[in-house]
Amino acid sequence: MTYARAIDTEPILGMVSVLGPWGREIDQVGVPLTNVWEAASRTVYMPISVPVKCILRRFWWANGSTVNAAANYIAAIYTDVAGKPGRRLNTTAATAQGTASEVQFVTPSATNVLVPGGYWFALASNSATTTHIMSASLSGAYGETIGGYQEATATPPATATPATRAGALLWLCGFSTETTP
Amino acid sequence: MAYLAAPMTVVPREPLWSFPGMSIDTFPPTNSAVARFGTGGSIMTYPSANTAIYVPIRIRRPTKAVKLWWSCETTGTDNVDIGIYDRNGTRLVSTGAVAKLASSNPLIVNTTDTGLKPGLHYVAVNCAAATATFRAISLSVPNLAAAGVRTEAVGAVTLPATATWVVNQTLAFLPIAGMMLDPTVA
């Protein structure tokens, strides 16, 4: 006698993170710690795999132990085109860095329905002066192979022109599928 | 001549490795909605008395929870409560107030067998004393807030029927707790 195969159903996460189950959840990722943002006027693209249809309602990033209220951050999400970031789907406005050691939520002007697939989460800042963000370090060559791409701009553009990643940090950021809390 | 709308196929037997484990808990990345942080547990005191901690977990197939557990350490026999909530904050099952173990063992409590549909759920814990010790994961803030772990100042040890949870930006205590799926485990 045989039984029908049970099919796993991936739940919609509340907090989607580039370091979480839909992100780069691998052994080589260390515990996220506070690190200064890597360079002024830089956008970093980090991959996210969305396995189930969901709604992007808020962006967020995790501020580190020292913040710079004069620095602006922008978060955005991009389509995947042949394994690289392509077209921008949604973005926040330029937002002053908030409270130290807190998750900072930013609600975009519109929500997005994301269908299953690969996406790129972008985080950008115009300053690298005491602008700490939580991040995890990727050991050895992993940084370049799965750490994503970057672009020399403080404003994630409508269409990405990704360059090879110079750093080995994955910044702790993502989106929320819920309006509150 | 009529044809079947769908071709007849042999339904493959479920491979043993695809069954869910004996426990769905807050730490292993297979079920947890919290990222794997590559760190082990340590002995920690409960961060705040009568404050519930809600840890997201992923239920990916119909599951029946039969027991709830929480990894204890040697200090304190204060009352605790362990429960499961759905993603809307509705309590599905809980142990009620039970005395914590004063030893380095998991407290395992029989509960009403509770069917869980696939979806995001929360394992909830609460303790009546901030002096009681548990096996837990210590993480720098705001890692747990970023992982979707939530808290609520309940004011008592009994977990509420409906959670009124908040993002706790200062929480650094990830409890090691979960649900047993196999009723034969003592």
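Quick note: structure is the one above.
Keep in mind that this is a model prediction, so the values were computed, not measured.

K.L.:
Now, about the nonpolar core: what can you tell me, with residues and values included?
P.N.:
If you look at the biggest cluster of nonpolar residues, it comprises 47 residues, and the most contacted ones within it are Leu-123 and Phe-175 of chain A. Met-44, Cys-127, Ile-176 and Met-180 of chain B belong to the second-largest nonpolar core, a separate cluster that totals 39 residues.

K.L.:
So what about the environment of Thr-170 of chain B? Which residues, and what values?
P.N.:
Residue and element names in this part refer to chain B. Inspection of the secondary structure puts Thr-170 in the loop between β12 (166-167) and β13 (173-175). Taking the relative accessible area as the measure of exposure, Thr-170 reaches 64% and is therefore exposed. In sequence terms Thr-170 and Asn-143 are 27 residues apart; their C-alpha atoms lie 9.2 Å from each other.

K.L.:
Residue-level account of the sheet that holds strand β8 (residues 106-116) of chain B, with values.
P.N.:
All names here are of chain B. Overall, antiparallel pairing links the 4 strands, which are arranged β1-β14-β4-β8 in an open sheet. The open sheet has two edge strands with one neighbour each: β1 (23-25) and β8. Pairs of neighbouring strands in the sheet enclose a mean axial angle of 30°, with direction left out of account. With 3 bridges joining them, β1 and strand β14 (residues 177-180) adopt antiparallel strand pairing. In the sheet register, Ile-24 faces β14, and the bridge partner there is Met-179.

K.L.:
How would you summarise the sheet that holds strand β2 (residues 42-45) of chain B if you had to cite specific residues and measurements?
P.N.:
Residues and elements named next belong to chain B. One open sheet accounts for 3 strands, arranged β2-β10-β13; its pairing is antiparallel. The outermost strands of the open sheet, each flanked by one partner alone, are β2 and β13. Strand-to-strand, the axes of this sheet are offset by a mean angle of 65°, without reference to chain direction. Where strand β10 (residues 133-138) and β13 come together, 3 bridges link them in antiparallel fashion. What sits directly across from Ala-136, in β13, is Pro-175.

K.L.:
Can you tell me about the environment of Val-80 of chain B, naming the residues and giving the values?
P.N.:
Residue and element names in this part refer to chain B. As for its placement among the helices and strands, Val-80 is situated in strand β5 (residues 79-86). The class of Val-80 is buried, set by a relative accessible area of 0%. Note: C-alpha distance between Val-80 and Arg-61 (19 residues apart in sequence) is 28 Å.

K.L.:
Go over empty space enclosed by the protein, please, and point to the residues and values.
P.N.:
Per the stated rule, a full pass over the model turns up 3 cavities of 30 Å³ or more. Counted as a void, the second largest cavity has a volume near 50 Å³. Along the wall of the second largest cavity there are 10 residues; nearest its centre are Gly-14 and Met-15 of chain A together with Pro-56, Ala-147 and Gly-148 of chain B. Each residue belonging to the lining of the second largest cavity can be placed in one class, and the counts come to 7 nonpolar, 2 polar and 1 charged.

K.L.:
So, the pattern of salt bridges: which residues are in play, and what are the values?
P.N.:
Summed over all chains, the structure comprises 7 salt bridges over all chains. Here Arg-42 of chain A ties to Glu-38 of chain A by a salt bridge, and the two come within 2.8 Å at their closest N and O atoms. Among the ionic pairs, Glu-178 of chain A bridges to Arg-150 of chain B, the shortest N-O distance being 2.4 Å. In this pair, Glu-178 of chain A is assigned in the segment after β16 (173-176) and Arg-150 of chain B in strand β11 (residues 150-153), connecting two distinct chains. Taken together, the salt bridges that share partners define one network made up of Glu-10 of chain A together with Arg-58 and Arg-60 of chain B.

About the thresholds
Residues numbered from 1 in each chain as written. Chains lettered and ligands numbered in written order. Predicted model: local features only at pLDDT ≥ 70, side-chain atom pairs only at ≥ 80, totals over all residues. Heavy atoms only, no water. Core = buried A, V, L, I, M, F, W, Y, C linked by side-chain atoms within 4.5 Å. Buried < 20%, exposed > 50% of the residue type's maximum accessible area, 1.4 Å probe, protein only. Helix = DSSP H or I, 4+ residues; strand = E, 2+ residues; numbered from the N terminus. Pairing = 2+ DSSP bridges. Axes fitted to C-alpha atoms, helices over the stretch in contact; angles between N-to-C directions. 1 Å grid on protein atoms, 1.4 Å probe; cavity = no way out; pocket = protein on both sides within 12 Å on 5 of 7 lines; lining within 4 Å. Points joined across faces, edges and corners; volume = space filled by probe spheres on them. Nonpolar A, V, L, I, M, F, W, Y, C, P; charged D, E, K, R; others polar. Salt bridge = Lys/Arg side-chain N within 4 Å of Asp/Glu carboxyl O.

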